[in-house]
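Inside the fold
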Amino acid sequence: MENIYMLSDAEITNKISAKLKELRLKQNISRQDMAASSGVSVASIARMEDGEIKSFESFLRIVRSLGKIEIFMPMLQEEEISPNEYYKMVQSAKTKQRKRASRSNNNNNEQENSEW
């Protein structure tokens, strides 16, 4: 496998488009059947297979229809934090808690000095 970071966006798009077509043909699915199962028009599927991936939502629908949605799992997983990071986060939250202003004795002094 070549280094994906060395490829241009257009090259990546072309490779993904070719892979979509390859997967569809391997599963013996026509564009019409793909359109019916994914809710994406036949014309959009044809354009996508030719390297024009314009709609991410349509792309996801096609990937799901091909049974390959799991390729997105690494992007959906939340990173786990270490116990040290959790401790620091909790301590930071504790120190940033809002503190109530202390009551001043000015009110008591004013009441004592009042003529009423």
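Just above sits the structure.
These notes cover the structure that comes with them. (Residues numbered from 1 in each chain as written. Predicted model: local features only at pLDDT ≥ 70, side-chain atom pairs only at ≥ 80, totals over all residues. Heavy atoms only, no water.)

Here we take up the packing of aromatic side chains. This structure, assessed with the given rule, holds three aromatic pairs. Ring plane angle 80° and centroid distance 6.2 Å describe the contact between F56 and F72, whose orientation is recorded as edge-to-face. Here the residue F56 occupies a position in helix α4 (residues 56-65), and F72 occupies one in the loop between α4 and α5 (73-76), the gap between them amounting to 16 residues. Note on F59 and F72: the rings are 6.2 Å apart at their centroids and 90° apart in plane angle, and the pair reads as edge-to-face. Taken together, the positions of F59 in helix α4 and F72 in the loop between α4 and α5 put the pair 13 residues apart, joining distant regions of the chain. (Phe/Tyr/Trp six-rings, centres within 6.5 Å; stacked < 30°, edge-to-face > 60°. Helix = DSSP H or I, 4+ residues; strand = E, 2+ residues; numbered from the N terminus.)

This part covers the nonpolar core. Grouped together as the largest cluster of nonpolar side chains are 13 residues, with contacts concentrated most on L20, M34, I45, F59, I62 and L66. Those elements that provide at least two residues to this core are α1 (9-26), α2 (31-38), α3 (42-49) and α4. Non-local contacts of M34, meaning those with residues more than four positions away in its chain, are made with R24, I29, G39, I45, I62, S65 and L66. (Core = buried A, V, L, I, M, F, W, Y, C linked by side-chain atoms within 4.5 Å. Buried < 20%, exposed > 50% of the residue type's maximum accessible area, 1.4 Å probe, protein only. Contact = heavy atoms within 4.5 Å.)

Quick look at the side chain of R24 now. The residue R24 is located in helix α1 in this model. Of the residues examined, R24 reaches a relative accessible area of 6% and is grouped as buried. Polar side-chain contacts of R24 include one of 2.8 Å to the backbone oxygen of I29. Apart from the residues within four sequence positions on either side, R24 is in contact with I29, S30, R31, M34, E49 and L66. (Polar contact = N/O pair within 3.5 Å; in protein donor to acceptor, adjacent residues only side chain to side chain.)

Remark: α2 packs on α3, axes separated minimally by 9 Å, with the N-to-C direction vectors making an angle of 110°. Relative to α3, the element α2 lies roughly perpendicular. Note that α2 runs across α3; the crossing there is right-handed. Counted together, R31, Q32, M34, A35 and S38 of α2 and V42, I45, A46 and E49 of α3 form the full contact between these two elements. For the contact of α2 with α3, a count of residues per class yields five nonpolar, two polar and two charged. (Axes fitted to C-alpha atoms, helices over the stretch in contact; angles between N-to-C directions. Parallel < 35°, antiparallel > 145°, perpendicular 65-115°, else oblique. Left-handed = near helix turned anticlockwise from the far one by under 90°. Nonpolar A, V, L, I, M, F, W, Y, C, P; charged D, E, K, R; others polar.)

Attention shifts here to the layout of surface pockets. Gaps left between atoms are located by rolling a probe of water-molecule size over the structure's atoms. Empty space within the largest pocket amounts to approximately 470 Å³. Together, 15 residues line the largest pocket, and I4, K15, I16, K19 and I71 are the ones closest to its centre. Those elements giving two or more residues to the lining of the largest pocket turn out to be α1 and α4. Sorting elements by how many residues they give to the lining of the largest pocket places α1 first, with six residues. (1 Å grid on protein atoms, 1.4 Å probe; cavity = no way out; pocket = protein on both sides within 12 Å on 5 of 7 lines; lining within 4 Å. Points joined across faces, edges and corners; volume = space filled by probe spheres on them.)

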